[in-house]
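Chain and residue survey
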Amino acid sequence: MRTMLRDEGAWCRLEREDTFTIHVGWDQYVYVSSDRPCDAAVAQTREVGLFAQPISASPYAAGLEELEVTEAAHEDFWERVRVELASQQTLLLEEAYVRNATRWHRLTASNLDPVRAGLGPRALLTIWPDLSPDVDEVLAALPADASMDFVWEAPNGTIRHVTIDETDHQQLAPLVAGAKAACSLALILDERHPLFHAALPDSDGVLRARW
């Protein structure tokens, strides 16, 4: 909630199925819905100087937005990852644990299970081809007029990323100095071509994540 209200980029819907939801808008308006009257809470809100106004529905309800990812990361998803690893040796995993906030992992056959065990609940998992060891070539190929996600493996082995536009190119090379490998990924949906993606189901096997 603090991150969303401070407009620091990360975003998610906080929901308990059809019982209670909290959505934070891009304008920092907060939308709260409940399956029961909340007169006391509304009164307390007004007492502290905030303005509570009844509306029929949150504009950020999942059904009003883009199509959701409906594939769950069950065992068949992980088997696809293992098959790709058998031929590619290394893959790049983008773990979105809330919207606009990601962690990156280089997957191998030996670290797949430990990485899988540490993934955030209900995360969106996107599998990409591996990073390129030719970092200079990746830097040289950056488009002059487009924003990109730039992902690299730092000298200490951690995977880092930054979103850049054409004004950031000169600052990028010093930032990634010593990188072992790197890649750039388009931000425009029509130009993003991952190998596949899925969302983590809950422990009972049901997919409740909305991406």
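That block above? That's the structure.
Now for a quick tour of the structure. Everything numeric here is computed off the predicted structure, so don't read it as measured data.

About the thresholds
Residues numbered from 1 in each chain as written. Predicted model: local features only at pLDDT ≥ 70, side-chain atom pairs only at ≥ 80, totals over all residues. Heavy atoms only, no water. Helix = DSSP H or I, 4+ residues; strand = E, 2+ residues; numbered from the N terminus. Buried < 20%, exposed > 50% of the residue type's maximum accessible area, 1.4 Å probe, protein only. Polar contact = N/O pair within 3.5 Å; in protein donor to acceptor, adjacent residues only side chain to side chain. Contact = heavy atoms within 4.5 Å. Patch = residues over 30% accessible without salt bridge, like charges linked within 9 Å, V, L, I, M, F, W, Y side chains within 5 Å. Areas by Shrake-Rupley, 256 points an atom, 1.4 Å probe, with all protein chains shown as cover. Salt bridge = Lys/Arg side-chain N within 4 Å of Asp/Glu carboxyl O. Core = buried A, V, L, I, M, F, W, Y, C linked by side-chain atoms within 4.5 Å. Phe/Tyr/Trp six-rings, centres within 6.5 Å; stacked < 30°, edge-to-face > 60°. Lys NZ or Arg CZ within 6 Å of the ring centre and 35° of its normal.

**Overview of the side chain of Glu153**
By the secondary structure assignment, Glu153 is in strand S7 (residues 148-153). Classification of Glu153 as buried rests on a relative accessible area of 11%. Polar side-chain contacts of Glu153 include one of 2.3 Å to the side chain of Arg106. Among all residues touching Glu153, those that are not within four sequence positions of it are Arg106, Leu131, Thr158, Ile159, Ala179, Lys180 and Ala181.

**Topic: the side chain of Ser58**
Position of Ser58 relative to the elements: it lies in the loop between helix H2 (39-47) and helix H3 (75-88). Note on Ser58: relative accessible area 12%, which makes it buried. Within polar-contact distance, the side chain of Ser58 engages the side chain of His23 at 2.7 Å.

**Some thoughts on a nonpolar patch on the surface**
A cluster of nonpolar side chains, Met1, Leu5, Leu14, Phe20, Val30 and Val32, forms an exposed patch at the surface whose accessible area comes to about 480 Å². Along the chain, Val32 falls in strand S3 (residues 30-34).

**Some thoughts on the nonpolar core**
Within soluble globular proteins, side chains that are nonpolar tend to cluster in buried spots. Among the nonpolar cores identified, the biggest contains 17 residues, and Phe77, Trp78, Val81, Leu107, Leu125 and Ile127 are the most heavily contacted of them. Within the residue set of this core, elements represented by two or more residues are H3, strand S4 (91-98), helix H4 (112-117), strand S6 (124-129) and strand S10 (196-199). Among the elements that make up this core, the one with the highest residue count is H3 (four residues). With sequence-adjacent residues up to four places away left out, Phe77 is seen in contact with Glu71, Ala72, Leu125, Ile127, Phe196, His197 and Ala198. Membership of the second largest hydrophobic core comes to 13 residues, among which are Phe150, Ile164, Ala179 and Ala182.

**Quick notes on the pattern of salt bridges**
Applying the stated criterion across every chain, the model contains 15 salt bridges. Notably, a salt bridge pairs Glu79 with Arg82, separated by 3.9 Å at the nearest N-O pair. Here Glu79 and its partner Arg82 are both found in helix H3, three residues apart, which amounts to about one turn of the helix. Ionic pairing is found between Glu153 and Arg106, a salt bridge with its closest N-O pair at 2.3 Å. Taken together, the residues Glu153 in strand S7 and Arg106 in strand S5 (residues 101-107) connect sequence positions 47 residues apart.

**Quick notes on the packing of aromatic side chains**
Summed over all chains, the structure comprises six aromatic pairs. Ring geometry for Phe150 against Trp152: centres 6.1 Å apart, planes inclined by 45°, an arrangement best described as tilted. Here Arg103 stacks its cationic end above the ring of Tyr97, 4.1 Å away from the centre of that ring.

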